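# Secondary and tertiary structure notes
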Amino acid sequence: MADPIHQFELKTIGAPLFKIGGSDIVLTNSALFMFGAVAFIVALMLMGTSARSMVPSRIQSVVEMLYEFVADTVRSSAGHDGMKFFPLVFSLFIFILVLNLAGMIPGGFTVTSHIIITAALAAVVILTVIIYGIMAHGTHFFGLFVPSGVHPLMLIILVPIEVISFISRPISLSVRLFANMLAGHIALKIFAGFIGSLLAAGAWGLLSPLPLALTVALTALEVLVAVLQAYVFATLTSIYLHDALHPGH
Amino acid sequence: MAQTTNATTQVPASGGHGGGFPPFDSHTYASQLVWLAIAFGALYVLMAKVALPRVAAILEERGRRVSEDLDQAAKLKGQTDAAIAAYEKALADAKSRAQAIAAETRDKLAAETDTRRKALEADLNTKLAAAEQQIVDGKAKAMLNVRGIAVDAAEAIVQRLAGKAPSRDEVEAAVTSTLAR
């Protein structure tokens, strides 16, 4: 059976380009998928808006729907003043969406199945929340950790809980996306591998349609998960940004 | 680096855990972070500065156009309503004027008929009075004639009975007294 982990390996392309802090920086398949995704997104957005027509073409409709969808998410989760973060949320959503879906291409590479990528994206979100929160509200931002209308003695317990919940946000944000993509692709690979194993095992080959059907179903599920996780990431980002805008409970 | 990758490829599935598990291979982190920073940074700048303002401008322009069209439609509807109201007012005016004319004509005709009827009646009354007078006259004349016949008859009767003609005055006095009774 094929190694289900093999698909997550980074393949080096060419020699190390340069060094940062003792680490070789090399071009990889992951980097190519990221650049491909960015090129695809930019091409889609620019082609979709080049006509600027009053009655949208198909591509322009897609672009407008994406825009309205993310804008609605930001407005409902972060409020109207949350629209200043709209470019960030939109970039995160479309970047993760396209990378997740690109991972569904057979033989492709899932950039978001690497924890360092999802952790870095979550760090962007949480650093935006902290930096903007402190810049806009100063020390008042830390009121986020102090629930109002609670007995002072209770704060001894509640403040650490609030701090832990705040720290766990970037962790859950990154692990959720990483684990979903990783687990889904491993499951797909394993069930697809069963088809080959059964066919190679003589009479057992009669059972091979079962894992095939399961693989088809799982593929559909994985496409759903790919879209859903991008949406979840964008929604949670909006909710966390809401705290940066309105730190009071 | 390339050799490390080859080495991991040959590790069987069960041995894929631990250091061989690619997402936890920290040697690749620096590269991934650099490319992510470049790719995502470029994407963010292009979205924030170019693509999203363009979409926003398109949507805003369309919203403006739609609201303008709606305003225009509301204005035209107002004009239509005003025209309908004016038409209905003109119709009502015409109806009331027609009714006034009809009533006036009816009254005039009724008055005319009335005068003509009254004139006719007066005429008839005159004729009736004349006829009645004629009857009265005729009656008086007839009565006069009756008296003459009575006198003649009485004279003739007396002559036959008495054999001699009475004086005319005596007979007339007798008839007059008898008639007066």
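Residues numbered from 1 in each chain as written. Chains lettered and ligands numbered in written order. Predicted model: local features only at pLDDT ≥ 70, side-chain atom pairs only at ≥ 80, totals over all residues. Heavy atoms only, no water.

### Re the overall build of chain A
For the record, the criterion: For the purposes of this entry, the term helix denotes a DSSP run of H or I that reaches at least four residues, the term strand denotes a run of E that reaches at least two, and both are numbered from the N terminus. The buried label goes to any residue with under 20% of its type's maximum accessible area, the exposed label to any with over 50%, and the partly exposed label to all in between, with areas taken from a 1.4 Å probe on protein chains only.
Within chain A, the regular secondary structure consists of 6 helices and 2 strands. Of the regular secondary structure in chain A, the N- to C-terminal order runs β-β-α-α-α-α-α-α. Considered along the principal axes of its C-alpha atoms, chain A spans approximately 70 × 55 × 45 Å. Evaluated residue by residue, chain A yields a buried proportion of 46% over its 249 residues.

### Some points on the nonpolar core
For soluble globular proteins, nonpolar side chains are generally found buried alongside one another. Condition: Residues belong to one nonpolar core when they are buried, are Ala, Val, Leu, Ile, Met, Phe, Trp, Tyr or Cys, and are joined through side-chain atoms within 4.5 Å.
Membership of the largest hydrophobic core comes to 75 residues, with the highest contact counts inside it found for A:Met34, A:Met45, A:Phe90, A:Phe95, A:Leu121, B:Leu43 and B:Met47. Elements with a minimum of two residues in this core: α1 (29-50), α2 (58-78), α3 (86-102), α4 (115-137), α5 (152-200) and α6 (209-245) of chain A together with α2 (29-162) of chain B.

### A short note on the pairing of strand β1 (residues 12-20) of chain A
Residues and elements named next belong to chain A. Selection criterion: In this analysis, strands are considered paired if DSSP registers two or more bridges between them.
Examined bridge by bridge, β1 and strand β2 (residues 23-28) share 5 bridges and lie antiparallel to one another. Bridge pairing links Thr12 to Thr28 in β2. Hairpin remark: β1 followed by β2, antiparallel, with 2 residues in the connecting loop; positive phi at Gly21, about 55°.

### A closer look at the packing of α4(A) against α6(A)
All names here are of chain A. The cut-off we apply is this: Fitted lines through C-alpha atoms serve as axes, helices being fitted only where they are in contact, and the angles separating the N-to-C directions of these axes extend from 0 to 180 degrees. Angle categories: roughly parallel below 35 degrees, roughly antiparallel above 145, roughly perpendicular from 65 to 115, and oblique for all the rest. Here a crossing is taken to be left-handed if its near helix is turned anticlockwise relative to the far helix by less than a right angle, and right-handed if that turn runs clockwise. Contacts between residues were defined by any pair of non-hydrogen atoms, one from each residue, lying within 4.5 Å. Under the grouping applied here, Gly and all other residues not named as nonpolar or charged are polar, the nonpolar ones being Ala, Val, Leu, Ile, Met, Phe, Trp, Tyr, Cys and Pro and the charged ones Asp, Glu, Lys and Arg.
Two numbers describe how α4 lies on α6: the axes approach to 8 Å, and their chain directions differ by 20°. In terms of their interaxial angle, α4 and α6 are classed as roughly parallel. The handedness of the crossing between α4 and α6 comes out as right-handed. Along its contact with α4, which presents Leu121, Ala122, Val125, Ile126, Thr128, Val129, Tyr132, Gly133 and His137, the element α6 presents Phe233, Thr237, Tyr240, Leu241, Ala244 and Leu245. For the contact of α4 with α6, the per-class residue count stands at 11 nonpolar, 4 polar and no charged.

### Considerations on the interface of chain B and chain A
It is common to report an interface's size as the accessible area lost on association of the parts. Under the convention used in this document: By convention, the term buried area covers the 1.4 Å-probe accessible surface removed from two parts as they join, with the contributions of both added. Each salt bridge in this description consists of a side-chain nitrogen of Lys or Arg and a carboxyl oxygen of Asp or Glu lying within 4 Å of one another. Two N or O atoms form a polar contact when they lie within 3.5 Å of each other; inside protein one atom must be a possible hydrogen donor and the other a possible acceptor, and for residues adjacent in sequence the pair counts only when both atoms belong to side chains.
Chain B puts 39 residues into the contact, and the matching count from chain A is 55 residues. Between chain B and chain A lies a buried interface of about 4,200 Å² when both sides are counted; carbon and sulfur atoms form 78% of it. Counting the surface chain B buries against chain A, the share from its top three residues, B:Gln32, B:Trp35 and B:Arg54, is 16%. A salt bridge links A:Glu64 to B:Arg62, with the nearest nitrogen and oxygen atoms 2.8 Å apart. Summed over the shared surface of chain B and chain A, the result is 7 residue pairs in polar contact (both at pLDDT 80 or more). For the side of chain B that touches chain A, the secondary-structure elements that each account for two or more residues are α1 (2-10) and α2 of chain B. Here the side of chain B that touches chain A is built from residues that sort into 29 nonpolar, 6 polar and 4 charged.

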